Amino acid sequence: MTKTVVDSRGTACPGPITDLIRAYRKSANGDIIELLATDPGVRADSKAWCERTNNELISLEEKNGVFTVEIRISGKKG
Amino acid sequence: MVNEMKSIAVVGGGAGGLIFANTMAKEMSDDIRSGRLKIRIFDGSVHHEFQPGYLSVAFKGKNPATMRKYLSELVLPDVELIPENCSRVDIDNKYVVTEKTGKKFGFDEVIIATGSRPDYSQIPGLSQANHDFHTSASASAELFKRLEKIRWGRIVTGIAGLPYKCPPSPNESAFLLEEYFVRKKLRKDVKITFITPFLRSYSNETVNSVIEPMLKERNIEIITGFNLESVDPEKELLTSMEGESVPYDTLLLVPPHSGAPIFKGVEYADEDGWIKTDKYDLHVADYENAFAIGDATDLPISKAGVEAHLEAVVVAKNMISQMQGTGERYEFTGRLQCSMETGYHQATFVIGTYDRPIERIQPSLYNYFQKKLMERIYWASLKGGYEWLFKWHFGEDYYRKSGKEKPPMQTPKVQNV
Ligand SMILES: Cc1cc2nc3c(=O)[nH]c(=O)nc-3n(C[C@H](O)[C@H](O)[C@H](O)COP(=O)(O)OP(=O)(O)OC[C@H]3O[C@@H](n4cnc5c(N)ncnc54)[C@H](O)[C@@H]3O)c2cc1C
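About the cut-offs
Residues numbered from 1 in each chain as written. Chains lettered and ligands numbered in written order. Predicted model: local features only at pLDDT ≥ 70, side-chain atom pairs only at ≥ 80, totals over all residues. Heavy atoms only, no water. Near = heavy atom within 4 Å. Polar contact = N/O pair within 3.5 Å; in protein donor to acceptor, adjacent residues only side chain to side chain. Areas by Shrake-Rupley, 256 points an atom, 1.4 Å probe, with all protein chains shown as cover. Helix = DSSP H or I, 4+ residues; strand = E, 2+ residues; numbered from the N terminus. Nonpolar A, V, L, I, M, F, W, Y, C, P; charged D, E, K, R; others polar. Contact = heavy atoms within 4.5 Å. Buried area = accessible area lost by both parts, 1.4 Å probe. Salt bridge = Lys/Arg side-chain N within 4 Å of Asp/Glu carboxyl O. Phe/Tyr/Trp six-rings, centres within 6.5 Å; stacked < 30°, edge-to-face > 60°. Buried < 20%, exposed > 50% of the residue type's maximum accessible area, 1.4 Å probe, protein only. Lys NZ or Arg CZ within 6 Å of the ring centre and 35° of its normal. pLDDT = per-residue confidence, 0-100. Expected span 1.5 Å × (residues − 1). Pairing = 2+ DSSP bridges. Axes fitted to C-alpha atoms, helices over the stretch in contact; angles between N-to-C directions. Parallel < 35°, antiparallel > 145°, perpendicular 65-115°, else oblique. Left-handed = near helix turned anticlockwise from the far one by under 90°. Domains from an automatic or database assignment.

### Section: the site of the ligand
Residues and elements named next belong to chain B. Taken together, 31 residues are adjacent to the ligand, and G16, D43, S45, D295 and G305 come closest. Within the side chain of S339, an N or O atom sits 3.0 Å from an oxygen atom of the ligand. For the ligand, whose unbound accessible area comes to 990 Å², protein coverage reaches 92%. For the shell around the ligand, the elements supplying multiple residues, two or more each, are α1 (15–27), α9 (305–324) and β21 (336–343). A per-element tally of the shell around the ligand places α9 first, with three residues. Looking at the shell around the ligand, its residues break down into 12 nonpolar, 15 polar and four charged.

### What to know about the interface of chain A and chain B
With 19 residues of chain A in contact, the opposing surface of chain B contributes 32 residues. On the chain A side of the contact with chain B, R22, R25 and R52 of chain A bury the most area, a combined 36% of that side's loss. Between chain A and chain B we count six salt bridges in total. Here R22 of chain A and D272 of chain B are joined by a salt bridge, their closest N and O atoms 3.0 Å apart. Counting across the interface, chain A meets chain B through 11 residue pairs in polar contact (both at pLDDT 80 or more).

### A few points about the packing of aromatic side chains
Residue and element names in this part refer to chain B. Within this structure, the stated rule accounts for 16 aromatic pairs over all chains. Aromatic pair Y268 and Y287: ring centres 6.3 Å apart, planes at 90°, arrangement edge-to-face. Of this pair, Y268 sits in the loop between β18 (257–258) and β19 (290–292) while Y287 sits in the loop between β18 and β19, and the two are 19 residues apart along the sequence. By the burial criterion, Y268 is buried, and Y287 matches it. On the numbers, 6.4 Å between centres and 10° between planes, the contact of F390 with F394 is stacked. In this pair, F390 and F394 are both assigned in helix α11 (residues 387–394), four residues apart and thus about one turn of the helix distant. Feature note: the residues F50, Y378 and W379 constitute an aromatic cluster, connected by ring pairs. Over the aromatic face of Y95 sits the side chain of K104, whose NZ or CZ is 4.2 Å from the ring centroid. A cation over a ring is seen here: K303 above W274, with NZ or CZ 3.9 Å from the ring centre.

### So, the confidence of the model for chain B
All names here are of chain B. When pLDDT is averaged along chain B, the result is 94; 95% of the residues meet or exceed 70. The low-confidence segment residues 407–417, where pLDDT is below 50, has 25 contacts with residues more than four positions distant or belonging to other chains. Interface confidence for the predicted complex, expressed as ipTM, amounts to 0.96; the pTM equals 0.95.

### A look at α1 of chain B
The terminal C-alpha atoms of α1 of chain B, which comprises 13 residues, lie 18 Å apart, in line with the 18 Å expected from a rise of 1.5 Å per residue. Among the residues of α1 of chain B, A15, G16, G17, L18, I19, F20, A21, N22, T23, M24 and A25 of chain B are the ones counted as buried.

### Quick word on the sheet that holds strand β14 (residues 228–232) of chain B
All names here are of chain B. With antiparallel pairing, three strands are arranged side by side in an open sheet as β14-β15-β16. The open sheet has two free edges, formed respectively by β14 and β16 (245–247), since each of these has just one partner strand. Averaged over all pairs of adjacent strands, the angle between strand axes in this sheet comes to 20°, irrespective of strand direction. Inspection of the sheet shows strand β15 (residues 237–240) paired to β16 by three bridges, in the antiparallel sense. Across the sheet, residue L237 finds its bridge partner in β16, namely P247.

### Brief notes about the sheet that holds strand β5 (residues 80–82) of chain B
All names here are of chain B. Spatial ordering of the open sheet is given by β5-β2-β1-β9-β19, a layout of five strands whose pairing is parallel. At either end of the open sheet lies a strand with only one pairing partner, and these are β5 and β19. Strand-to-strand twist of the sheet, defined as the mean angle between neighbouring strand axes without regard to direction, takes the value 20°. Direction of pairing for strand β1 (residues 6–11) relative to strand β2 (residues 37–42): parallel, over a ladder of six bridges.

### A word on the side chain of T277 of chain B
Residue and element names in this part refer to chain B. In this fold, T277 is placed in the loop between β18 and β19. Taking the relative accessible area as the measure of exposure, T277 reaches 12% and is therefore buried. Among the polar contacts made by the side chain of T277, one reaches the main-chain carbonyl oxygen of I275 at a distance of 2.7 Å. Residue contacts for T277: discarding those within four places in its chain leaves L282, H283, A292, T297, D298 and L299.

### Topic: the environment of E73 of chain B
Residue placement: E73 of chain B occurs in helix α4 (residues 71–74). Here the alpha-carbon distance between E73 of chain B and H345 of chain B, two residues 272 residues apart in the chain, equals 31 Å.

### As for the packing of helix α7 (residues 169–183) of chain B against helix α8 (residues 205–217) of chain B
Residue and element names in this part refer to chain B. At their nearest, the axes of α7 and α8 sit 11 Å apart, and the two run at 30° to each other. As the angle between them shows, α7 and α8 are arranged roughly parallel. Crossing handedness for the pair α7 and α8: left-handed. Packed against α7, whose contacting residues are N171, A174 and F175, the element α8 presents I211, M214 and L215 at the interface. Residue composition of the contact of α7 with α8, grouped by class: five nonpolar, one polar and no charged.

### Some words on the domain arrangement of chain B
All names here are of chain B. Along its sequence, chain B is carved into domain 1 (1–44 + 83–116 + 259–327 + 410–417) and domain 2 (121–256). In this structure, domain 1 and domain 2 have C-alpha centres spaced 35 Å apart. The interface is formed by five residues belonging to domain 1 together with five residues belonging to domain 2. Between domain 1 and domain 2 lies a buried interface of about 370 Å² when both sides are counted; carbon and sulfur atoms form 61% of it. The interface formed by domain 1 and domain 2 includes zero salt bridges. Put simply, domain 1 and domain 2 have two residue pairs in polar contact (both at pLDDT 80 or more) between them. In terms of residue class, the side of domain 1 that touches domain 2 is built from one nonpolar, two polar and two charged.

Right, dumping it as structure tokens:
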């Protein structure tokens, strides 16, 4: 299991979701991706992305304008 | 005026590298001719191609030869073209090494403008199966020949992986395919499917709200959230990382891109070879004498010619003002402007800056003509022509004056090694 921090702070849509998709390609089931973003669109986009790709949204928090999204990769067919 | 001999190496003679080198040559010709300034551009390509033109070659049968010119014709006489790629850019020790002859050239300042390239290695089977409209004029011409033979079947177009240059180009391929088969009166027998790893047809919601209804209206099937893992060319089947499959008869995907291979593993680039670049003055990592422009950067904006152009202008303006001691500093505004042809002589644009969100622009004939105008003026613009027009067009987004003075340049240590 590896944890990858993807820092998309300061990028506007589609920056965070682009960075997430790129990190996802390099990940394996069981890995954690922590996505940091300042674009509020990340809230809806990361939820919808997890639903669509069957990955697990562990947490989504906002603190001082920074969103931290934790995702467990579980959707890859293996 | 430059007091001492100074040498600038430009690695990559594409849109960004040419505009930078030719702008410098135009503005600093006295210094160049008197031997106080040397500008070298390194690029092993014989031709430079107008990449937006690939779409007209692939989907409208335009002659591919009209989309390319000899690189040597695009370099102003005051710039020295070294017709070789570089195999190494050593910023610490201020030299580049050429790939074929292994020659070393010293520099005081280096501009990295090596663009982006398709990286088929990321998706097994893709290179064998794909008909690429996105990488060269000749491949696009091959695709057009193939389209002419198609009478029925399922064409799958879209995005195979991220990142890639010119974000609207996959959508354009869907629109132009639709128009092509309507004109051929074969549309009802040809199914067009658009796949994307994003959650919408266009990654940005504002642009998506304009184009997704159009794609649907034109009966183009859209599969979002599709992360292509592999292609089976024998079974003609795409498989996603989540195990979904999509069959195809003809495949036209935009492959994921990476930076030039020479930057993989260097400390001033990320693991995919994108150069770590300051988003405003475009310096590389912690270096004061290295700049990156265009697709080669890791900037969080689209990879497109307009960005390469405006970044080249900013770096050139800063160098000129530093050499002339005017103290003026310029910054890149993050302005992006990608045209998206939506078929039937209509186009929209994707326009925004670092500070301004992407605008909603309805497709129009006027936008289409603007796109066509760019085709006309492209070659001259690479030589620094029509800059007044770009300045007028981009207005306050052309560049931003930052006011922060940079200390005068130090005496160069390395000449030709
Ligand atoms: C189908 C398509 C449609 C497009 N439409 C648009 C559009 O509408 N608007 C827009 O703004 N942009 C568009 N673009 C994108 C645009 O063409 C590119 O973003 C632009 O060319 C980038 O400029 P660049 O200088 O960074 O790279 P390039 O122009 O690609 O040039 C890079 C150069 O570096 C050279 N090089 C590579 N490695 C080395 C090395 N090791 N040593 C020396 N030289 C090296 C290459 O030979 C090449 O000449 C489109 C692209 C495509 C493919």
